[in-house]
Amino acid sequence: MSAGLIDVHAHWLPAELFGLPSGSPYGAMRDQDGELFLGDLPLSIRTEAMSDVNAIISDMDAHEISLRALSPPPFAFAVNSSSEDYIDEYNASLSKVVTESTGRLAGLGLTRLDDASAAARQVADIAKAGVLAGVAIPPMLRGASLDVGVLRAVLRSAAQHRLAVLVHPMQLPRPEWSSYYLANLIGNPVETATAVASGILGGVLEELPDLRICFVHGGGCAPAILGRWSHAWQARADVRAGSSIDPRDLFRSAYFDTVTHDLAALELLASHAGEDRILCGTDYPFDMAEPNLPAFVDSTGLDRVALQRSGKAFLGVRVPQMELQ
């Protein structure tokens, strides 16, 4: 018998919120003959996979997942407006889904991104409600990252109120990434690595040792260039101006998921972060999701019980006892 898996990286958005926050850079999501579109862009996702809780639970049952943490797709981050009504409606809907799931689902909600004080208060309100496990945020915001402004305020509030934070890239467009899905294939890992670097070199992880933060997609490019950061931190005063701890050591204070699509990449990540900082993730229901989490996890040699323990620690929730063949 083996431990049920805890998926900390999966997405859900109810159909009534497909319109996305005001000022969304992508245009609204919509259903077309059962397929999900972002504006005119097909997402290669069945609409029910994103919006139907029964479909999500069925996928969990098929892949030995005892607990799944749902978070908004990154298109739903309110990066260009307060969108307080949208955020409140999403968090209320997610709280209802979590409450009705009899322990199968956890939730990582939205928070305002337009004002640091308002964002910190909203995180505090989420903690006071006591239903959601934390919040999901983008890695970059208006030309800045985790070390300044709104994002740092969210992290401080999350640490204070013992909430988890999931950092998810937004697939921001750039002209040189306009073809071959490079905005995802290169852009997402670079966005995430930027957030990891700013969290480490900007002293965020040093200031907030109790912060439970997870960088998805295996930390993006960060594990491969951590040695470069460490070298520069020792060689340059400007690099170490924001922190007093070597990046290699601070790297071990964050969590990272398993969505690497490559065993060697996951092994490198585990060697830097430590196996107790690795969490299961799928990126359900996107086309870049890990399609068979049990097979991938078992092929890595990672211990399922240890993965479950880490998942519980990150989410701060009790996990139903579920034995799997």
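Our structure's up above, just so we're on the same page.
Cut-offs applied
Residues numbered from 1 in each chain as written. Predicted model: local features only at pLDDT ≥ 70, side-chain atom pairs only at ≥ 80, totals over all residues. Heavy atoms only, no water. Helix = DSSP H or I, 4+ residues; strand = E, 2+ residues; numbered from the N terminus. Rg over C-alpha atoms; globule rule 2.2 N^0.38 Å. Buried < 20%, exposed > 50% of the residue type's maximum accessible area, 1.4 Å probe, protein only. Areas by Shrake-Rupley, 256 points an atom, 1.4 Å probe, with all protein chains shown as cover. Lys, Arg positive; Asp, Glu negative; His and termini not counted. Charge placed at Lys NZ, Arg CZ, Asp CG, Glu CD. Contact = heavy atoms within 4.5 Å. Polar contact = N/O pair within 3.5 Å; in protein donor to acceptor, adjacent residues only side chain to side chain. Phe/Tyr/Trp six-rings, centres within 6.5 Å; stacked < 30°, edge-to-face > 60°. Lys NZ or Arg CZ within 6 Å of the ring centre and 35° of its normal. Axes fitted to C-alpha atoms, helices over the stretch in contact; angles between N-to-C directions. Parallel < 35°, antiparallel > 145°, perpendicular 65-115°, else oblique. Left-handed = near helix turned anticlockwise from the far one by under 90°. Nonpolar A, V, L, I, M, F, W, Y, C, P; charged D, E, K, R; others polar. Pairing = 2+ DSSP bridges. Right-handed = clockwise from strand over helix to strand, strands pointing away. Salt bridge = Lys/Arg side-chain N within 4 Å of Asp/Glu carboxyl O.

Draft legend 1. Expanded view of the overall build of the protein chain. Scanning the protein chain from N- to C-terminus turns up 13 helices and 13 strands. Against the compact-globule benchmark of 20 Å for 325 residues, the protein chain has a radius of gyration of 18 Å, which places it among compact chains. Of all 325 residues assigned to the protein chain, the portion counted as buried reaches 58%. Of the roughly 13,500 Å² that the protein chain leaves accessible, carbon and sulfur atoms contribute 51%. If the 24 positive side-chain charges of the protein chain are averaged to one point and the 39 negative ones to another, these points end up 8 Å apart.

Draft legend 2. Local environment of helix α2 (residues 53-62). Those residues of α2 that fall on the buried side of the exposure criterion are A55, I56, I57, D59 and M60. Those residues of α2 hidden inside the fold are in contact with β2 (5-11), α1 (47-51), β6 (65-71) and β7 (105-109). N-cap assignment for α2: the residue whose side-chain oxygen lies 2.8 Å from the backbone N of N54 is D52. Downstream of α2 by one or two residues, E64 has phi in the positive range, about 60°.

Draft legend 3. Representation of the packing of aromatic side chains. The full count for this structure, using the stated rule, is 6 aromatic pairs. Following the ring pairs from residue to residue traces out a cluster consisting of Y26, F75 and F286. Looking at R30, its charged tip hangs above the ring of F37, at a distance of 4.7 Å from the centre.

Draft legend 4. Local environment of the packing of helix α4 (residues 116-129) against helix α5 (residues 149-160). Where α4 contacts α5, the axes come no closer than 8 Å and their chain directions differ by 25°. The orientation of α4 relative to α5 falls into the category roughly parallel. Like other packed secondary-structure pairs, α4 and α5 cross with a definite hand, here right-handed. Contacts from A116, A119, A120, V123 and A124 in α4 reach G149, V150, A153, V154, S157 and A158 in α5. Along the lines of polarity and charge, the residues of the contact of α4 with α5 split into 9 nonpolar, 2 polar and no charged.

Draft legend 5. Seen up close, the sheet that holds strand β5 (residues 41-46). What the 3 strands build is an open sheet, ordered β3-β4-β5; its pairing is antiparallel. Strand pairing shows two members of the sheet lacking a second neighbour, β3 (29-32) and β5, which therefore form its edges. Along the sheet, successive strands turn relative to each other by an average axial angle of 35°, direction set aside. Both β3 and strand β4 (residues 35-38) contribute to a ladder of 4 bridges, which runs antiparallel.

Draft legend 6. Inspection of the environment of D88 at higher detail. Looking at the secondary structure, you find D88 in helix α3 (residues 84-100). In this structure D88 comes out as partly exposed when scored by relative accessible area, which is 36%. Linking D88 and Q122, residues 34 residues apart in sequence, is a C-alpha distance of 9.3 Å. Side-chain polar atoms of D88 contact the side chain of Q122, separated by 3.2 Å.

Draft legend 7. Looking closely at the sheet that holds strand β10 (residues 212-215). Spatial strand order, β2-β6-β7-β8-β9-β10-β11-β12: 8 strands in an open sheet with parallel pairing. Only two strands of the sheet have a single partner each, and these edge strands are β2 and β12 (278-279). Note that β10 and strand β11 (residues 255-257) share 2 bridges and pair parallel. By the bridge assignment, C214 is partnered in β11 with Y255. The strands touched by α3 within the sheet are β6 and β7, with β7 carrying the most contacts at an inclination of about 170°.

Draft legend 8. Looking closely at the pairing of strand β8 (residues 134-137). With 2 bridges joining them, β7 and β8 adopt parallel strand pairing. Note that in β8 the partner of L108 across the bridge is G134. In terms of handedness, the path from β7 via α4 over to β8 forms a crossover that is right-handed.

Draft legend 9. Quick look at the pattern of salt bridges. Summed over the entire model, instances satisfying the criterion amount to 14 salt bridges. Here D59 and R68 are joined by a salt bridge, their closest N and O atoms 3.0 Å apart.

Honestly, it's all geometry; don't read function into it.
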